[in-house]
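Descriptive analysis of the structure
Below, each chain spelled out in residue letters.
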Amino acid sequence: MSTSEAIRADAARLLAEGRAKLVIGYRARGPHRAPAFVSDPAGVDVLIYDNLCKQNLAVYLRKPEVRSRGPVAVVAPPAVMRSLVVLAAESQLTEATVLAVGPDAYHGVLDLAGAAALLKEKYADLAPSPELLEALAKLDAMSPQERARFWTDQFAKCTRCYACRAACPLCYCARCIVEKNVPQWISTAAAQHGNFAWQIIRAFHQAGRCTLCGACEAACPQGIPLMLLNLALSEEVAKQFGEKPGYDPAAKPVIGSWKPDDDQGFVR
Amino acid sequence: MAQTETKTAEAAAAFQPRIVAFVCNWCTYAGADLAGTSRLRYPPNVRIIKLPCTGRIDPLFILKAFEGGADAVLVSGCHPGDCHYTSGNYHARRRWALFRRLLDLTGIDERRLFFSWVSAAEGQKFADLVADITEKVRAAGPLEPANPARRRL
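Just so it is clear, the structure is predicted and the values come from calculations on it, not from any experiment.

**Some thoughts on the overall build of chain B**
Across its full length, chain B holds five helices and four strands. Of the regular secondary structure in chain B, the N- to C-terminal order runs α-β-α-β-α-β-α-β-α. Scaling as 2.2 N^0.38, a compact globule of 153 residues should have a C-alpha radius of gyration of about 15 Å, and chain B matches this with 16 Å. Expressed as lengths along the three principal axes of its C-alpha atoms, the size of chain B is roughly 60 × 35 × 25 Å. Counting all 153 residues of chain B, 53% fall into the buried class. Expressed as a percentage of contacts within chain B between residues at least 6 apart in sequence, the contacts between residues at least 24 apart total 80%. Carbon and sulfur atoms form 54% of the exposed surface of chain B, whose accessible area is close to 6,700 Å².

Here is the structure:
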């Protein structure tokens, strides 16, 4: 039985037994993969899973219109499971039913604890792509002026559509900092200073939380390499504090907790 | 060509860095005050902004300073263990450790962003610190035109 067939069978069973009233998964739309919302066991045939399924479906689980249809089950590759674990650590989810898939295997129906255990056992060393690591190393080798120019050019493309925010399961503030206007810290005009402040703060608000799923960059219609910012911060979080978010549902937030002996070599 | 070089050298000598210092009310501001009342001399390039605690210093403040044309930013507060609010500086320290990496990656490097602990008794340390970072920023030159955060109309 292929992974897609296994997902369909489990989805139909969950819906028929009433363990889930809504299954969120992937369906084909031409050469792309779109989210599928299935509430009827007869409709599970649209569900598929292959390596084109990149969207992070965890983004839907906090939405009130989805929650009100619950209980919900979600098709979850490792990136989605990690997002769910972070959401649980931040008290945004208490329980989740996942149809756990890996790049090479289907792991069946799991709860949150099961997903966390599976992540630790099988997907503990998910590494960023070599291309991304190489791009970051190349950027780090540039002079500060060259880096400033690189990002000025990149952020100049930003139209402030906030697709990056909408695609990210961890960008869930009811009122985003960019929408607060008394005082207005971040200009909403699609101009240099506002774009820079927005992109920096978006990345920084994910510091110690981002699981490098890549949903923000994939959603960006302008092709801004947001993962470079996310990766640099994730590496720093691992180096400075030894944390890798998305594995422990009881983890303390990296920013928001502290240790007396945190490194302060940079403080004079 | 020679003329341009002379002009550049003159501009470097005349360059007065604009440094914004975000300091906490309880330690560094009092330390700066002590430097003043002790008549210690330090460069007038630093603009001090007092906040209750380093824990109150949002990264947005630092961005705003660069947006407004600062050449460098100094953030300073109580030594670890001395925070008036017990742990504000510990929280801030974690935030800075990550934020400086992000700014470095985007072109505002470590010659532009300084962090320090200055207690209320360390007037001399504050004066020395400001003198030292002013020299460093002067050597680094103006952040413009390669200031990625700068407000442009």
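Now that the structure is up, let's keep going.
**Examining the interface of chain B and chain A**
When the parts come together, some accessible area is lost, and that loss is often what is quoted as the size of the interface. Each partner contributes residues to the interface: chain B has 44 residues there, and chain A has 44 residues. The junction of chain B with chain A conceals about 4,100 Å² of combined surface from both sides, 65% of it contributed by carbon and sulfur atoms. On the chain B side of the interface with chain A, the three residues burying the most area are Arg94(B), Leu98(B) and Leu105(B), jointly 21% of the side's total. One can count five salt bridges joining chain B with chain A. Taking the shortest distance from any N to any O, the salt bridge between Arg268(A) and Asp132(B) comes out at 2.3 Å. Broken down by secondary-structure element, the contributors of at least two residues to the side of chain B that touches chain A are α3 (59-67), α4 (88-105), β4 (113-117) and α5 (123-140) of chain B. No other element matches α4(B), which puts 15 residues into the side of chain B that touches chain A. Along the lines of polarity and charge, the residues of the side of chain B that touches chain A split into 22 nonpolar, six polar and 16 charged.

**As for the sheet that holds strand β5 (residues 106-110) of chain A**
Residues and elements named next belong to chain A. The strand order across the open sheet formed by five strands is β2-β1-β3-β4-β5, and the pairing between neighbours is mixed. Looking at the sheet topology across the chains shown, the edges are occupied by β2 (32-38) and β5. Each strand of the sheet is rotated relative to its neighbour by a mean of 25°, with strand direction disregarded. Strand direction decides the pairing type here: strand β3 (residues 72-76) and strand β4 (residues 97-101), joined by four bridges, are parallel. Bridge assignment links Val75 to a residue of β4, and that residue is Leu99.

**Let's talk about the sheet that holds β4(B)**
Residues and elements named next belong to chain B. Strand order in this open sheet of four strands is β2-β1-β3-β4, and the pairing throughout is parallel. The open sheet is flanked by β2 (46-51) and β4, the only strands paired with a single partner. Going across the sheet, the axis of each strand differs from the next one's by a mean of 20°, ignoring polarity. The sheet contact formed by strand β1 (residues 19-24) and strand β3 (residues 72-77) spans five bridges and is parallel. In the sheet register, Ala21 faces β3, and the bridge partner there is Leu74. Packed on one face of the sheet, helix α2 (residues 28-37) meets β1, β2 and β3 and runs near 115° to β1.

**Re the domain arrangement of chain A**
Residue and element names in this part refer to chain A. On domain assignment, one finds that chain A holds domain 1 (3-122) and domain 2 (130-241). Measuring from the centre of the C-alpha atoms in domain 1 to the corresponding centre in domain 2 gives 27 Å. Facing the 11 residues of domain 1 at the interface are 10 residues of domain 2. On the surface where domain 1 and domain 2 come into contact, there are one salt bridge. For Arg209, the salt bridge is made with Glu90, and the minimal N-O distance between the two is 2.7 Å. Inspection of the region where domain 1 meets domain 2 yields three residue pairs in polar contact (both at pLDDT 80 or more). Tallied by class, residues from the side of domain 1 that touches domain 2 come to five nonpolar, three polar and three charged.

**Some words on the environment of Phe61(B)**
Relative to the helices and strands, Phe61(B) is located in helix α3. Taking the C-alpha atoms as reference points, Phe61(B) and Ser116(B), 55 residues apart in sequence, are found 17 Å from one another. In this structure, Phe61(B) is in contact with Trp185(A), Phe22(B), Leu51(B) and Arg56(B), ignoring residues within four places of it in sequence.

**Some thoughts on helix α3 (residues 78-89) of chain A**
The periodicity of an α-helix, 3.6 residues per turn, causes residues three or four places apart in sequence to face the same way. Residue and element names in this part refer to chain A. The terminal C-alpha atoms of α3, which comprises 12 residues, lie 16 Å apart, in line with the 16 Å expected from a rise of 1.5 Å per residue. Across the 12 residues that make up α3, a large majority, 10, are buried. All of the buried residues in α3 are Pro78, Val80, Met81, Arg82, Ser83, Leu84, Val85, Val86, Leu87 and Ala88. For α3, the elements touching its buried residues are β1 (22-29), β3, β4 and α4 (112-122).

**Description of the packing of helix α8 (residues 192-205) of chain A against α4(B)**
Interhelical geometry of α8(A) versus α4(B) gives an angle of 135° and a closest axis separation of 11 Å. Considering their axes alone, α8(A) and α4(B) lie oblique with respect to each other. The handedness of the crossing between α8(A) and α4(B) is right-handed. Two secondary-structure elements touch here, α8(A) through Phe196(A), Ile200(A), Ala203(A) and Phe204(A) and α4(B) through Arg95(B), Leu98(B), Phe99(B), Leu102(B) and Leu103(B). The residue inventory of the contact of α8(A) with α4(B), partitioned by class, reads eight nonpolar, no polar and one charged.

**Some words on α4(A)**
All names here are of chain A. All of the buried residues in α4 are Leu112, Ala115, Ala116, Leu118 and Leu119. Along the axis of α4, the buried positions cluster into a sector of 160°, meaning they face one direction only. Among the exposed residues of α4, those pointing more than 90 degrees away from its buried face are Ala113 and Glu121. Close packing links the buried residues of α4 with α3, β4 and β5.

What counts and how
- Residues numbered from 1 in each chain as written.
- Chains lettered and ligands numbered in written order.
- Predicted model: local features only at pLDDT ≥ 70, side-chain atom pairs only at ≥ 80, totals over all residues.
- Heavy atoms only, no water.
- Helix = DSSP H or I, 4+ residues; strand = E, 2+ residues; numbered from the N terminus.
- Rg over C-alpha atoms; globule rule 2.2 N^0.38 Å.
- Buried < 20%, exposed > 50% of the residue type's maximum accessible area, 1.4 Å probe, protein only.
- Contact = heavy atoms within 4.5 Å.
- Areas by Shrake-Rupley, 256 points an atom, 1.4 Å probe, with all protein chains shown as cover.
- Buried area = accessible area lost by both parts, 1.4 Å probe.
- Salt bridge = Lys/Arg side-chain N within 4 Å of Asp/Glu carboxyl O.
- Nonpolar A, V, L, I, M, F, W, Y, C, P; charged D, E, K, R; others polar.
- Pairing = 2+ DSSP bridges.
- Axes fitted to C-alpha atoms, helices over the stretch in contact; angles between N-to-C directions.
- Domains from an automatic or database assignment.
- Polar contact = N/O pair within 3.5 Å; in protein donor to acceptor, adjacent residues only side chain to side chain.
- Expected span 1.5 Å × (residues − 1).
- Parallel < 35°, antiparallel > 145°, perpendicular 65-115°, else oblique.
- Left-handed = near helix turned anticlockwise from the far one by under 90°.
- Arc of directions from axis to C-beta.

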